[in-house]
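Fold and contact review
For reference, the chains in residue letters:
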Amino acid sequence: MLSIKNLHAGIEGKEILRGINLEIRPGEVHAIMGPNGSGKSTLSSVIAGNETYEIFEGEITLDGKNILDLSPDERAHKGIFLSFQYPIEIPGVTTTNFIKTAINAKRKAQGLEDLPAKDMLKMIREKAELLKMDRKFLSRSLNEGFSGGEKKRNEIFQMAMLEPKLAILDETDSGLDIDALKVVANGVNKLRNKDNATIVITHYQRLLDYIIPDYVHVLHNGKIIKSGGKELAHELEAKGYDWLK
Amino acid sequence: MELKDKLLASFMAFENKGNIDLDSDVHDLRIKAIENFEKLGFPTKKNEEWKYTSLNPILKYDYSVFPSLDNNVELKDIKKYFLHEIESYRIVFVDGVYSSFLSDTTHEEADVCILSAALKKPKYKMIIDHYFDKITSKNDSLSSLNTAFSKEGAFINIPKNTILEKPIQVLFFSTGSEKELMLNPRNLIIVGENSHVQIYERHQNLNKNKILTNCVTEIFAHKRAIVNYYKVQNDKNNASIIDHTYIQQKEGSIASVNTFTFGGKLTRNNINVYHEGEHITTNLNGITIIEGKQHVDNHTIINHKHENCESHELYKGIYDDSASGVFNGKVIVDKKAQKTNAFQQNDNILVGDKASINAKPQLEIFADDVKCSHGCTIGQIDKNAIFYMQSRGIPIKEAKALLLFAFGNEVINKVKIPALKSRIFKLIAEKLKVDMGFEI
Ligand SMILES: Nc1ncnc2c1ncn2[C@@H]1O[C@H](COP(=O)(O)OP(=O)(O)O)[C@@H](O)[C@H]1O
Ligand SMILES: [Mg+2]
């Protein structure tokens, strides 16, 4: 599904990602772990199409098609979703209105009519329920004044609404207490199927107890220095990253 | 000939053109006014109040103040500029001349008619003597110029205890069948005790020729009157306006002026408010969304002279390309105006690399027991927010529009006429070049 080959990327000429290779097939969950500053968020931003970053070398394809020339919204229309490590506050736009706009933009790109208001509301209600989201957040300005945990839950709510093919969860666990973590992980698991895939980026293996990865990759200094099965996460938890360097 | 000299010469001709109230007191006011204009001349950038707005680019044309009267504007040409979907009173002028055929006036629950009639009819003499040109600034040469050439505009006189359900639309069209035309419309609005009125004003050029409008509106809000005034300025790039609004408020009255500026070459809004009593509320709001080389200057002065009054100002601006803006908000709180609440906020987003804004709050506070605040922000479109929205599938143009719309929404929400509100939503979508419904 997603194929990254020899990806070198960075900012203002400075290389942050230094030759990433990653192959993700439908139905899989990949965890990417690694110390602070190793390039995890950069990698997710680059996959999502953040134009702040320059691509120096390499390719990213989705279902065999190059996506590097696509804008972030075009990538979203093709099914890529990024749950932000630091979700952005959008004052003046309610969560409901934001997600409506996003869904209808995607439908428009697919040549579909706007989703009827009734169906939209029903879907919003269902997904909010799935994530045990307090409904009052739906009518508040997106992320404005939300706690860290509320923001993360809202990210997964949006993911549930958009039903992406490839979801990248960048440190979705940070800011969540254990109960919220379980709810969010449960939401993510419910959305999984044989046709979609998930990249879970995390510091800690805690989240991986709930979203069980098929593969674990260790990112260090812009390179994947080790890949393995889910037991690698336990090993990292016990030994830290230093033994790998 | 310089424009000033031409105008001075034109004044004689204006007075001699006949059909004008030469024997009234207004005649004397006009004479004084033209003398004042002659003395002061057009303001230059040396004048502190005009430091960031130069009139030179619009004063270099050979404007005529005598429009030809043979325009043939039809309802279908202008329908889109007024709120035709609701019931309203309508006062329509074309090239400065009243069009009874396009208008819908009344003398029943109130006088909603025209100034030229009020100046001539004896039954209005007392009102004219009492109100006309009583609160305009005599230090402002452009207001004086308007007074000198004042003969037509809206005359709205609402008796006490009258709630006018229908909004009043005051519409000024120019066809510029002359090559370059200067208009000096003059509005007089008197709102009696406990009365309510909603007024929508718009100036619109329909043609390719250059138009300069120098408009003066005097508004008198009596005790507990409520005046909601809306100005939509979305003119063509060959039209400029200098708009002066003078408001006198009596005890317990509420006056709100909402200015929406989306177009025009140069737009200067002067709003001067005088409080004459306690428990008065003044609300001045505005949104500016301009582009290209357009220039908008909002100058407000609120004179707090009595205790327990409040004023709220909220002006937002979005400037693209090399558009430029000025916000100058002066609040004067007299020594005896204790317990005044005066708030002022001016927020701006510069979208274009060459866009600029000069913002200057001026608080002159001489009382000690007051709550006054002012704030000013200048920002850019947040790139991270745009990426965030794009990552959810919202294309960049729509993402920007949504952000900008959200930025201005607080002001749009102050519009109390639903038809006008959705009109403004549409104008903003048009302005931001997106096809989306903003109604949240
Ligand atoms: N927008 C940016 N501007 C400058 N440096 C950046 C930017 N984004 C990331 N970096 C740098 O790239 C490196 C990797 O950052 P990041 O991808 O956020 O790491 P991680 O998510 O693994 O903690 C860090 O050294 C960081 O300072
Ligand atoms: Mg990170």
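Source: prediction; values computed, not measured. (Residues numbered from 1 in each chain as written. Chains lettered and ligands numbered in written order. Predicted model: local features only at pLDDT ≥ 70, side-chain atom pairs only at ≥ 80, totals over all residues. Heavy atoms only, no water.)

Considering the overall build of chain A
The criterion, for reference: Where helices and strands are cited, they refer to DSSP runs of H or I of at least four residues and of E of at least two residues respectively, numbered from the N terminus. Both definitions apply: the radius of gyration is a C-alpha atom measure, and the globule rule equals 2.2 Å times residues to the power 0.38. Residue burial is assigned from relative accessible area. The probe radius is 1.4 Å, only protein chains are included, and a residue is buried under 20% of its type maximum, exposed over 50%, and partly exposed in between. In this description, contact between two residues means that some pair of their heavy atoms is separated by no more than 4.5 Å. Every accessible area reported is derived by Shrake-Rupley at a probe size of 1.4 Å, with residue values counting cover from the shown protein chains alone. For this count, His and the chain ends are skipped, Lys and Arg are scored as positive, and Asp and Glu as negative. Taken as the charge centre is NZ of Lys, CZ of Arg, CG of Asp or CD of Glu, depending on the residue.
Assigned secondary structure in chain A consists of seven helices and 12 strands. Against the globule reference of 18 Å for 245 residues, chain A gives a C-alpha radius of gyration of 18 Å, in line with a compact fold. For chain A, the C-alpha atoms occupy an extent of roughly 55 × 40 × 35 Å along the three principal directions. Here chain A holds 245 residues, and 56% of them are scored as buried. Long-range pairs, those at least 24 residues apart, make up 70% of the contacts in chain A between residues at least 6 apart in sequence. Of the accessible surface of chain A, which amounts to about 10900 Å², a share of 48% is contributed by carbon and sulfur atoms. Between the centroid of the 34 positive side chains of chain A and the centroid of its 35 negative side chains there is a distance of 4 Å.

Re the sheet that holds strand β9 (residues 166-170) of chain A
Residues and elements named next belong to chain A. What counts, and what does not: A strand pair is defined by DSSP finding two or more bridges across the two strands. Throughout, an axis means a line fitted to C-alpha atoms (over the contacting stretch in the case of helices), and angles, computed between N-to-C directions, take values from 0 to 180 degrees.
A sheet is described by the order of its strands in space; here six strands give the open sequence β6-β9-β10-β3-β11-β12, paired in mixed fashion. Pairing within the sheet leaves two strands with one partner each, and these edge strands are β6 (80-83) and β12 (223-228). Each adjacent strand pair in this sheet contributes to an overall mean axis angle of 20 degrees, direction not counted. As defined by bridge partners, strand β3 (residues 29-33) adjoins strand β11 (residues 215-220) across four bridges and the pair is classed as parallel. Among the inter-strand pairings, Met33 is bridged to a residue of β11, identified as Val218. Lying on the sheet, helix α5 (residues 148-162) is in contact with β6 and β9; it crosses β6 at an angle near 170 degrees.

What to know about the side chain of B:Thr267
Relative to the helices and strands, B:Thr267 is located in strand β13 (residues 266-276). Excluding residues that lie within four positions of it along the chain, B:Thr267 makes contacts with B:Gln233, B:Ile241, B:Thr261, B:His295, B:Val296 and B:Asp297.

Some thoughts on the state of the cysteines
All names here are of chain B. We count it as follows: Two cysteine sulfur atoms make up a disulfide if the distance between them is within 2.5 Å.
On inspection of all chains with the given rule, the structure shows zero disulfides over all chains. Just so you know, Cys113 is unpaired, no disulfide at all, and the nearest cysteine sulfur is the one on Cys215, 16 Å from it. Of all cysteine sulfurs, the one in Cys372 lies closest to Cys376, which takes part in no disulfide; the gap is 17 Å. By relative accessible area, Cys376 is classed as partly exposed at 38%.

Some words on the pairing of strand β17 (residues 324-333) of chain B
Remember that side chains alternate between the two faces of the sheet whenever the strand is regular. Residue and element names in this part refer to chain B. Among the 10 residues of β17, 10 are classified as buried, and the element is accordingly described as predominantly covered. Neither face of β17 is open: one carries Ser324, Val326, Asn328, Lys330 and Ile332, the other Gly325, Phe327, Gly329, Val331 and Val333, and all of them are buried. When β17 meets strand β19 (residues 356-365), the two strands line up parallel, connected through 10 bridges. Its bridge partner lying in β19, Val326 is registered against Asn358.

Let's talk about the environment of B:Ile189
All names here are of chain B. Inspection of the secondary structure assignment puts Ile189 in strand β7 (residues 186-191). Distance from Ile189 to Lys160, taken between C-alpha atoms, is 13 Å for residues 29 residues apart in sequence. Excluding its chain neighbours within four sequence positions, the residues that come into contact with Ile189 are Ile156, Ile199, Thr217, Glu218, Ile219, Phe220 and Tyr229.

Details of the coordination of the magnesium ion (ligand 2)
Ideal values for angles at a metal depend on the geometry: 109.5 degrees with four tetrahedral donors, 90 or 180 degrees with six octahedral donors. All names here are of chain A. Test applied: Nitrogen, oxygen and sulfur within 2.8 Å of a metal are treated as its donors, or within 3.2 Å for sodium, potassium and calcium (Na, K, Ca); water is not counted, so a site can appear incomplete.
Here the magnesium ion (ligand 2) is held by Ser41 (OG) and Gln85 (OE1), and the distances to it run 2.1 to 2.2 Å. Within this pair, whereas Ser41 is found in helix α1 (residues 40-48), its partner Gln85 is found in the loop between β6 and β7 (90-94), the two being separated by 44 residues in sequence. The exposure class of Gln85 is buried, given its relative accessible area of 17%.

Some words on the domain arrangement of chain B
Residues and elements named next belong to chain B. Selection criterion: For the domains described, the bounds stem from an automatic or database domain assignment. Buried area, as used here, totals the accessible surface that two parts lose on assembly, with accessibility defined by a 1.4 Å probe and the loss added over both.
Looking at chain B, the domain boundaries give domain 1 (3-276) and domain 2 (381-440). Across the boundary between the two partners, domain 1 contributes 17 residues, which contact 13 residues of domain 2. Both faces combined, the contact of domain 1 with domain 2 buries some 1300 Å², and carbon together with sulfur accounts for 70% of it. Considering only the surface of domain 1 that becomes buried against domain 2, Tyr230, Phe260 and Phe262 emerge as the three largest contributors, covering 45% of it.

What to know about the packing of aromatic side chains
Geometrically, a pair of aromatic rings is defined through the distance of the ring centres and the angle of the planes. Rule in force here: Paired rings are identified among Phe, Tyr and Trp, the last through its six-membered ring, by centres lying within 6.5 Å, and are further divided according to the angle between planes into stacked (under 30 degrees), edge-to-face (over 60) and tilted (the rest). Here, over-ring charges are defined by two tests on the NZ atom of lysine or the CZ atom of arginine: distance to the ring centre within 6 Å, and angle to the ring normal within 35 degrees.
As enumerated under the stated definition, the model contains 17 aromatic pairs over all chains in all. Relative to B:Phe149, the ring of B:Phe11 lies with its centre 6.0 Å away and its plane at 90 degrees, an arrangement referred to as edge-to-face. Linking B:Phe11 in helix α1 (residues 3-16) with B:Phe149 in the loop between α7 (141-148) and β4 (154-158), this pair joins segments that are 138 residues apart in sequence. Under the relative-accessibility criterion, B:Phe11 is labelled buried at 5%. On the accessibility criterion, B:Phe149 (6% relative accessible area) is buried. Joined through ring pairs, the aromatic side chains of A:Phe84, A:Phe98, B:Phe387 and B:Tyr388 make up one cluster. Cation over ring: B:Arg90 sits above B:Phe82, and NZ or CZ is 4.6 Å from the ring centre. Sitting above the plane of the B:Trp50 ring, B:Arg268 keeps its charged end 3.7 Å from the centroid.

Re the pattern of salt bridges
Put simply, the test is: One side-chain nitrogen of Lys or Arg within 4 Å of one carboxyl oxygen of Asp or Glu is enough to make a salt bridge.
In the structure shown here, the tally under the stated rule is 32 salt bridges over all chains. Ionic pairing is found between A:Glu171 and A:Lys40, a salt bridge with its closest N-O pair at 4.0 Å. With A:Glu171 in the loop between β9 and α6 (178-191) and A:Lys40 in helix α1, the pair connects residues that are 131 residues apart, well separated along the chain. Through salt bridges with shared partners, a single ionic network connects B:Asp133, B:Lys138, B:Arg186 and B:Glu218.

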